[in-house]
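The residues making up each chain are set out below.
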Amino acid sequence: MKIIIIFVAILIVGCTTGLNSIQHQELISYESKGLLIEEKNTGTATALGLLPGGGSFYTRQYGLGILNLLVWPYSVLWDPINGYRGAQEINYYATVANCNNIKNREISDLDTLLMTKQIDNNEYIIKKHSIENKFGTTENKEVYTKITPAKASERIQYSTDQNLNDEQKAIKERYDQALAMWQVKTRPLTDYMINVCRPQADKEYIDCARAKEDEFISNSIFPDITAKRFSLANESKQQLARKEITRKEYREIADKLSEDAYKQMLDRIKKDIKATSYTGAY
């Protein structure tokens, strides 16, 4: 009987791993910002674990609850832990869903302001950065580490020449609109990369990112520049998959390639304005 109880304990604890390390850090970050949604109280879940199947039933793990009910009182050795982990997991996913809903609504409103020209590109990037900081976690912030308000302004001001003729001004206006549209189109893709791909293990992360490359290319103002960036990143992706470089080293390489591609894009825009020629994809 003791052997069976030990086996059941190992099985149950093994099946209820709870949040991974990244999710746990995100939960701490949400709580520190006052964004935590507490659907289940971890203290209550732990205390109910002392009752027959209480911790599991409280955290909606009904199958485990029945099993713990059958092996009670032995289940008091593991069900409090199971209840605590279950409550954390429920709160985490409720918090993520709530934050994503609010963030998406605020960014959607911001997109509308940009598309209706109530704000300019500089204001858009700065305000979007503020929204991402408000709802983002440590993982989310990584993308925006190098994009301070000053740099955002520097990056978007691709032409400061005030002596443009009417044809050049028309090309610049068209590129202003294209950049605004590009930011709107690529935002969901960037969010997917941050929230879905990055938390995964290295190989799965690479596969997840590659699956979105065609969408990034098709939504680019200059698809050839974006395609070249992804092509140059292939070697570092293979190195990461083979564990020859760390995730941090890979991100540094990817960020550098992204910055280089952006500079190429702005250089091409400058040349097009000077030549009164529009070569963008949309």
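Above this note sits the structure.
Q: Is there a simple way to think about the overall build of the protein chain in this case?
A: What the protein chain contains, in helices and strands, is 14 helices and 0 strands. Each helix and strand of the protein chain, placed in order from N terminus to C terminus, yields the pattern α-α-α-α-α-α-α-α-α-α-α-α-α-α. By residue count, 41% of the 282 residues in the protein chain fall in the buried class. Counting contacts in the protein chain only where the partners sit at least 6 residues apart, residues at least 24 apart contribute 71% of the total. For the protein chain, the exposed surface amounts to about 15,400 Å²; the carbon and sulfur share of it is 56%.

Q: Explain the packing of aromatic side chains here, please?
A: To describe a pair of aromatic rings, you give the distance between the ring centres and the angle between the ring planes. Tallied over the full model, the rule gives 7 aromatic pairs. Taking 6.1 Å as the distance between ring centres and 45° as the angle between the ring planes, the aromatic pair formed by Tyr175 and Phe222 counts as tilted. Placement of Tyr175 in helix α10 (residues 166-197) and of Phe222 in the loop between α12 (213-218) and α13 (223-241) is noted, with a sequence separation of 47 residues between them. An identical accessibility class is assigned to Tyr175 and Phe222; each is buried. Between Tyr205 and Tyr250 the ring centres are 6.0 Å apart and the planes differ by 85°, which places this aromatic pair in the edge-to-face class. With Tyr205 in helix α11 (residues 202-210) and Tyr250 in helix α14 (residues 247-275), this residue pair connects regions lying 45 residues apart in the sequence. Tyr250 matches Tyr205 in its accessibility class, with the two residues each being buried. Through a chain of ring-to-ring contacts, three or more aromatic side chains come together here, namely Tyr175, Phe222 and Tyr278. Looking at Lys40, its charged tip hangs above the ring of Tyr58, at a distance of 4.6 Å from the centre.

Q: Where do I start with the state of the cysteines in this structure?
A: A covalent bond bridging the sulfur atoms of two cysteines is what the word disulfide describes. The tally for this structure, following the rule as stated, stands at 1 disulfide. The disulfide partner of Cys197 is Cys208, and the gap between their sulfur atoms is 2.0 Å. Note on the Cys197 and Cys208 pair: the S-S dihedral is about -70°, so by sign convention the disulfide is left-handed. Note that Cys197 is positioned in helix α10 and Cys208 in helix α11, a separation of 11 residues in sequence. You'll find Cys197 and Cys208 in the same group, each marked buried.

Q: I would appreciate a short explanation of the packing of α10 against α14 in the present structure.
A: A pair of packed helices is characterised by two quantities: the angle between their axes and the separation of those axes. Two elements in contact, α10 and α14, have axes separated by 8 Å at closest approach and are oriented at 155°. Here α14 runs roughly antiparallel to α10, going by the angle between their axes. For the pair α10 and α14, the contacting residues are Gln168, Ile171, Lys172, Tyr175, Leu179 and Trp182 in the first and Tyr262, Met265, Ile269, Asp272, Ile273 and Lys274 in the second.

Q: What's the story with the pattern of salt bridges in this structure? I'm lost.
A: Side chains that differ in sign of charge can pair as their charged atoms come close. Summed over all chains, the structure comprises 12 salt bridges. As a salt-bridge pair, Asp111 and Arg187 come within 3.3 Å of each other at their nearest N and O atoms. Here Asp111, found in helix α6 (residues 79-115), pairs with Arg187, found in helix α10; they are 76 residues apart in sequence, far enough to count as distant. You can call Arg187 buried: its relative accessible area is 11%. Between Asp207 and Lys203 there is a salt bridge; the shortest N-O distance is 3.4 Å. Here Asp207 and its partner Lys203 are both found in helix α11, 4 residues apart, which amounts to about one turn of the helix. Of the residues examined, Asp207 reaches a relative accessible area of 39% and is grouped as partly exposed. Here the residues in one salt-bridge network are Asp202, Lys243 and Arg247, joined through shared partners.

Q: Please explain the packing of α10 against α11 as it appears in this structure.
A: At a minimum axis separation of 10 Å, α10 and α11 run at an interaxial angle of 160°. Considering the angle they form, α10 stands roughly antiparallel to α11. Of the two elements, α10 crosses α11, and the hand of that crossing is right-handed. Along its contact with α10, which presents Tyr192, Met193, Val196 and Cys197, the element α11 presents Tyr205, Cys208 and Ala209. Tallied by class, the residues present in the contact of α10 with α11 amount to 7 nonpolar, no polar and no charged.

Q: Hey, could you run me through helix α5 (residues 62-71) in this one?
A: Residues that lie three or four places apart on an α-helix share one face, since the helix turns once every 3.6 residues. Where α5 is concerned, the buried positions are Leu64, Gly65, Asn68 and Val71. The buried residues of α5 occupy an angular sector of 135° when the element is viewed end-on, so they sit on one face. Residues of α5 that are exposed and point over 90 degrees away from its buried face: Gly63 and Leu70.

Q: What's the story with the side chain of Asp272 in this structure? I'm lost.
A: If you trace the backbone, Asp272 turns up in helix α14. In this structure, Asp272 is buried with no salt-bridge partner, the nearest side chain bearing the opposite charge being Arg268 at 6.2 Å. Among the polar contacts made by the side chain of Asp272, one reaches the side chain of Tyr175 at a distance of 2.4 Å. In this structure Asp272 touches Ile171, Tyr175, Ser277, Tyr278 and Thr279, once residues within four positions along its chain are discounted.

Rules used in this analysis
Residues numbered from 1 in each chain as written. Predicted model: local features only at pLDDT ≥ 70, side-chain atom pairs only at ≥ 80, totals over all residues. Heavy atoms only, no water. Helix = DSSP H or I, 4+ residues; strand = E, 2+ residues; numbered from the N terminus. Buried < 20%, exposed > 50% of the residue type's maximum accessible area, 1.4 Å probe, protein only. Contact = heavy atoms within 4.5 Å. Areas by Shrake-Rupley, 256 points an atom, 1.4 Å probe, with all protein chains shown as cover. Phe/Tyr/Trp six-rings, centres within 6.5 Å; stacked < 30°, edge-to-face > 60°. Lys NZ or Arg CZ within 6 Å of the ring centre and 35° of its normal. Disulfide = S-S within 2.5 Å. Axes fitted to C-alpha atoms, helices over the stretch in contact; angles between N-to-C directions. Parallel < 35°, antiparallel > 145°, perpendicular 65-115°, else oblique. Salt bridge = Lys/Arg side-chain N within 4 Å of Asp/Glu carboxyl O. Left-handed = near helix turned anticlockwise from the far one by under 90°. Nonpolar A, V, L, I, M, F, W, Y, C, P; charged D, E, K, R; others polar. Arc of directions from axis to C-beta. Lys, Arg positive; Asp, Glu negative; His and termini not counted. Polar contact = N/O pair within 3.5 Å; in protein donor to acceptor, adjacent residues only side chain to side chain.

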